[in-house]
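Summary of structural features
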Amino acid sequence: MKIQDLLPIGTVVLLEGGEKRLMIYGIKQTDLETQDVYDYIGVAYPEGNMGQGTQFLFNHDQIKEVYFQGYEDDERVLFINNLANYYNENNN
């Protein structure tokens with residue numbers, strides 16, 4: 001998947017096999033235990049972050065449905081372009 005296809009923070013999604021919607025609050029996140037990189041980190045919607053163990057790492061291909069797409073502006077476009085450049089330069 002291309003970095004430019006990542007959904008913005010604030011996006012609300014349902015994952016394949018999921019029953020509870022999640023709100024994305026971060027992109028390109030690393031699992032501190034395994035060092036695996038995931039496309040997103042999210043929390044239950046509408047509850048939000050309820051402490052340790054309530055944050056979920058997942059990838060774009062696990063998304064079944066997008067209920068709401070988060071805010072996008074020029075600052076986000078610049079961020080995504082910089083992130084894409086970083087990954088291209090570092091072959092990640």
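My aim in this report is to walk through the structure given alongside it, one point at a time. (Residues numbered from 1 in each chain as written. Predicted model: local features only at pLDDT ≥ 70, side-chain atom pairs only at ≥ 80, totals over all residues. Heavy atoms only, no water.)

Another point: the pattern of salt bridges. Evaluation of the coordinates by the stated rule reveals 3 salt bridges. Notably, a salt bridge pairs Lys 28 with Asp 39, separated by 3.2 Å at the nearest N-O pair. Of the two residues, Lys 28 sits in strand β2 (residues 22-30) while Asp 39 sits in strand β3 (residues 37-44), which places them 11 residues apart along the sequence. (Salt bridge = Lys/Arg side-chain N within 4 Å of Asp/Glu carboxyl O. Helix = DSSP H or I, 4+ residues; strand = E, 2+ residues; numbered from the N terminus.)

Turning our attention to the layout of surface pockets. Regions of empty space are outlined by a rolling probe, equal in size to a water molecule, passed over the atoms. Estimates place the volume of the largest pocket at around 220 Å³. Considering the residues around the largest pocket, the lining is formed by Gln 29, Thr 30, Asp 31, Leu 32, Glu 33, Ile 41, Gln 52, Gly 53, Thr 54, Gln 55, Phe 56 and Leu 57. Put simply, the parts of the chain that give the lining of the largest pocket at least two residues each are β2 and β4 (55-58). With 3 residues, the top contributor of residues to the lining of the largest pocket is β4. Of the residues belonging to the lining of the largest pocket, the class tally is 4 nonpolar, 6 polar and 2 charged. Partitioned by chemical class, the residues of the lining of the second largest pocket number 6 nonpolar, no polar and 3 charged. (1 Å grid on protein atoms, 1.4 Å probe; cavity = no way out; pocket = protein on both sides within 12 Å on 5 of 7 lines; lining within 4 Å. Points joined across faces, edges and corners; volume = space filled by probe spheres on them. Nonpolar A, V, L, I, M, F, W, Y, C, P; charged D, E, K, R; others polar.)

Time to look at the packing of aromatic side chains. The full count for this structure, using the stated rule, is 2 aromatic pairs. Geometrically, the ring pair formed by Tyr 86 and Tyr 87 is edge-to-face, given 5.4 Å between the ring centres and 85 degrees between the ring planes. Between Arg 21 and the ring centre of Tyr 67, over which it is positioned, the NZ or CZ distance is 4.9 Å. If you follow Lys 28 out to its NZ or CZ, it ends over the ring of Tyr 87, 5.2 Å from the centre. (Phe/Tyr/Trp six-rings, centres within 6.5 Å; stacked < 30°, edge-to-face > 60°. Lys NZ or Arg CZ within 6 Å of the ring centre and 35° of its normal.)

Here Phe 68 is to be found in strand β5 (residues 63-68). On a C-alpha basis, the gap between Phe 68 and Thr 11 in space is 5.4 Å, while along the polypeptide they are 57 residues apart. Dropping the residues within four chain positions of it, Phe 68 is found in contact with Gly 10, Thr 11 and Val 12. (Contact = heavy atoms within 4.5 Å.)

Moving on, we come to helix α1 (residues 74-90). Compared with an ideal rise of 1.5 Å per residue, which puts 17 residues at 24 Å, α1 spans 24 Å between its outermost C-alpha atoms and is within 8% of the ideal. Arg 76, Ile 80, Leu 83, Ala 84 and Tyr 87 are the residues of α1 that are buried. End-on, the buried residues of α1 take up no more than an arc of 100 degrees, which puts them together on one face. Opposite the buried face of α1, by more than 90 degrees, sit the exposed residues Asp 74, Glu 75, Leu 78, Asn 88 and Glu 89. Residues of α1 that are buried in the fold lie against β2 and β3. For α1, the capping residue at the N-terminal end is Asp 73, with a side-chain oxygen 3.1 Å from the backbone nitrogen of Glu 75. (Expected span 1.5 Å × (residues − 1). Buried < 20%, exposed > 50% of the residue type's maximum accessible area, 1.4 Å probe, protein only. Arc of directions from axis to C-beta. Polar contact = N/O pair within 3.5 Å; in protein donor to acceptor, adjacent residues only side chain to side chain.)

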